[in-house]
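Each chain, letter by letter, is given below.
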Amino acid sequence: MIELAVTCSRCDARAVHGVGAVLLDRDALEGADDEAAWTRAVYVPVSLACPSCGALDAHRVEPASGRALVVDGEHVREGRAALSDGTPIYTPSEGLARLAAHADAHPDDPQGWRALGNFALRAGRADEALAAWRRGAELDGELECALNVAVDAVAREDASAPALLCRALERVVFGQPGRRSLQSAHLAELVRRSRAPLALALDGEPVDVARVRDWSGLGERLARARQVRASPR
Ligand SMILES: [Zn+2]
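Residues numbered from 1 in each chain as written. Predicted model: local features only at pLDDT ≥ 70, side-chain atom pairs only at ≥ 80, totals over all residues.

1. Digging into the sheet that holds strand β5 (residues 59–61)
The condition is simple: Being paired, for any two strands, means DSSP has found at least two bridges between them. What counts as a helix is a DSSP run of H or I of at least four residues, what counts as a strand is a run of E of at least two, and both are numbered from the N terminus. Helix axes are fitted to C-alpha atoms over the stretch in contact, other axes to C-alpha atoms as well, and angles between N-to-C directions run from 0 to 180 degrees.
Within the open sheet, the three strands sit side by side as β2-β1-β5. Their pairing is antiparallel. Two strands lie at the open edges of the sheet, namely β2 (14–19) and β5, each paired on one side alone. Neighbour-to-neighbour, the strand axes of this sheet turn through a mean angle of 45 degrees, independent of strand direction. Pairing of strand β1 (residues 2–8) with β5 involves three bridges; the strand directions are antiparallel. Within the sheet, the bridge partner assigned to T7 lies in β5 and is R60.

Laid out in structure tokens, this is it:
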């Protein structure tokens, strides 16, 4: 854990956050050693909330705290934070806002919702991640968002879990080569964990889920199936 001392830009409260990782952009210091320079140079991949007013990612980094950072390639790495298209960002909130604007402008492109959800999760903002994946999962044939939504519902033992799991199972056929076997294994594990009674058929052949003992074998069958039918019982 790295201890990062910051001052809230909204309410001026001082706080020390324990953070797991930092990206340090020495070029952004431009020879300066003041609060503005360190605030530009230090990127924390997880959103920080002010303990006094709750403001997210609205902080200035204390120069002494910045100077104390030691690049070890693990917790502190050197580099400039940027989105996958190269757009530089200074806080996770900024990245989220840009990705959300892109997804809203192209609502029928699942890649936008996927990217938004995955980024939000890495920023520690699980609710926003789920909201994005739910939007993506509404699109026909979108597996990854549907899988993430099902993972959440199964973990919470939500009443919607069986139906969401079945939707994801039927979409396994849209899994991209190279990802499908992992996604299939994940789905088989979800079926095991949910213990929901499902009617499942792979290429027309019924699978008695209650009698399955070889769950990795079920994953391999899901990875090969050309057609999957699944419905809650
Ligand atoms: Zn504050």
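2. Things to note about helix α6 (residues 143–155)
Cut-off, in case you're wondering: Every helix has an expected span of 1.5 Å times one less than the residues it contains. Counting other C-beta atoms within 10 Å of a residue's own tells you its class, since 20 or more makes it buried, 12 or fewer makes it exposed, and anything in between is partly exposed; those C-beta atoms are placed from the backbone.
Taking 1.5 Å of rise per residue, 13 residues should cover 18 Å, and α6 covers 18 Å from first to last C-alpha, within 8% of that figure. Judged by how many residues are buried, α6 sits mostly within the fold: eleven of 13 residues are covered. Along α6, the positions that sit buried rather than exposed are L143, E144, C145, A146, L147, N148, V149, A150, V151, A153 and V154. Just downstream of α6, E157 is the residue with a positive phi angle, here 50 degrees.

3. Here we look at the nonpolar core
Which entries qualify depends on this criterion: Among buried residues, those of type Ala, Val, Leu, Ile, Met, Phe, Trp, Tyr and Cys that are joined through C-beta atoms within 7 Å form a set called a nonpolar core. Remark: residues whose backbone-derived C-beta atoms lie within 7 Å of one another are considered to be in contact.
The biggest cluster of nonpolar side chains holds 40 residues, and the ones touching the most others in it are A150, L165, A168, L169 and L187. Element by element, the count of residues in this core is highest for α6, at nine residues. In this structure, A150 is in contact with L164, L165, A168 and L190, ignoring residues within four places of it in sequence. Within the second largest apolar cluster, eleven residues are counted, among which are V22, W38, A41 and V44.

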